[in-house]
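Fold and geometry: a report
If you want the building blocks of each chain, they are given just below.
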Amino acid sequence: MPKPRSKPDLATIGGLLLALVGIVGGLLLEGGQIKDIVQITAAIIVLGGTFGAVMVNTPLATLKAGLVRGGRVWFEDPASPQERLETLISFAAKARRNGLVSLETEAASIEDAFFRKAMTIAIDGADLQDLQRILELEIDLERERAEQEAKVFESAGGYAPTIGIIGAVLGLIQVMKNLSNVAEVGHGIAVSFVATVYGVALANILFLPAANKIKARAHDESQLRELTLHGVVGIVEGLNPKILRLKLEAFAPPATARPGGER
């Protein structure tokens, strides 16, 4: 049962590119130039200040886990509820014919850790209530971990605009030192507000959307685990595969449904 490879998430990549094209395109249409918003100093202030604030706000272990999970928003999870459903149905059919122990080889080759753990516990003959408690606890804890890791990017999205304002104020301080040079004052004021642009843009097209995508992915993963839990419980109970399919199809995404409620 080989694990499918992750593929780039076109929604994340395309959405970020569209946002950048829209912002930069609007600047160019207004007669501006790209060099107007390219300021290394402003980027250092906003990025350094934002991530520094996030480090103060977040426990180190959660910060590391959040950055790892955040890196995965660029890739699409290949896991499919429909494929998991079909695997569970095939396991149920085999278990009814030959018993749960006959699934030992298949269970050992499962790539998904949660699915493998659920099948192993079931094959080992654990009490059904113990099985449900163990797996439900893991589902709840994983959901909570995802929420905490998403807050890393929510925090960054909250701090970035404020740090951008700090950058703008610092720029204005430098402008005030050169009030005698009128030509430089206008240029200096324009440059000072680039930090604000960076802060607001990063918050609204990267950090906050990333946090929401992490939550959405966590919800989908939780649904997949719920599907797995109900499927494994049905296998242990010896449900008829047809009945089990009807039960598990509630977890299938709407796109798999046919007109008239059929699937």
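Residues numbered from 1 in each chain as written. Predicted model: local features only at pLDDT ≥ 70, side-chain atom pairs only at ≥ 80, totals over all residues. Heavy atoms only, no water.

Let's shift gears to the packing of aromatic side chains. The final tally for this structure, using the stated rule, is 2 aromatic pairs. A centroid spacing of 5.9 Å and a plane angle of 85° characterise the contact between phenylalanine 51 and phenylalanine 207, whose relative ring orientation is edge-to-face. Of the two residues, phenylalanine 51 sits in helix α2 (residues 40-57) while phenylalanine 207 sits in helix α9 (residues 194-237), which places them 156 residues apart along the sequence. Look at phenylalanine 51 and you get partly exposed, because its relative accessible area is 35%. Given the relative accessible area of 4%, phenylalanine 207 is considered buried. Ring centres 5.9 Å apart and planes at 35° place the aromatic pair phenylalanine 91 and phenylalanine 115 in the tilted group. Linking phenylalanine 91 in helix α4 (residues 81-98) with phenylalanine 115 in helix α6 (residues 113-123), this pair joins segments that are 24 residues apart in sequence. There is no split in this pair, since phenylalanine 91 and phenylalanine 115 are both buried. (Phe/Tyr/Trp six-rings, centres within 6.5 Å; stacked < 30°, edge-to-face > 60°. Helix = DSSP H or I, 4+ residues; strand = E, 2+ residues; numbered from the N terminus. Buried < 20%, exposed > 50% of the residue type's maximum accessible area, 1.4 Å probe, protein only.)

Moving on, we get to the confidence of the model for the chain. Mean pLDDT for the chain: 88, with 92% of residues reaching 70 or above. Note that pLDDT drops below 50 for residues 256-263; the model gives that stretch 8 contacts with residues more than four away or on any other chain. (pLDDT = per-residue confidence, 0-100. Contact = heavy atoms within 4.5 Å.)

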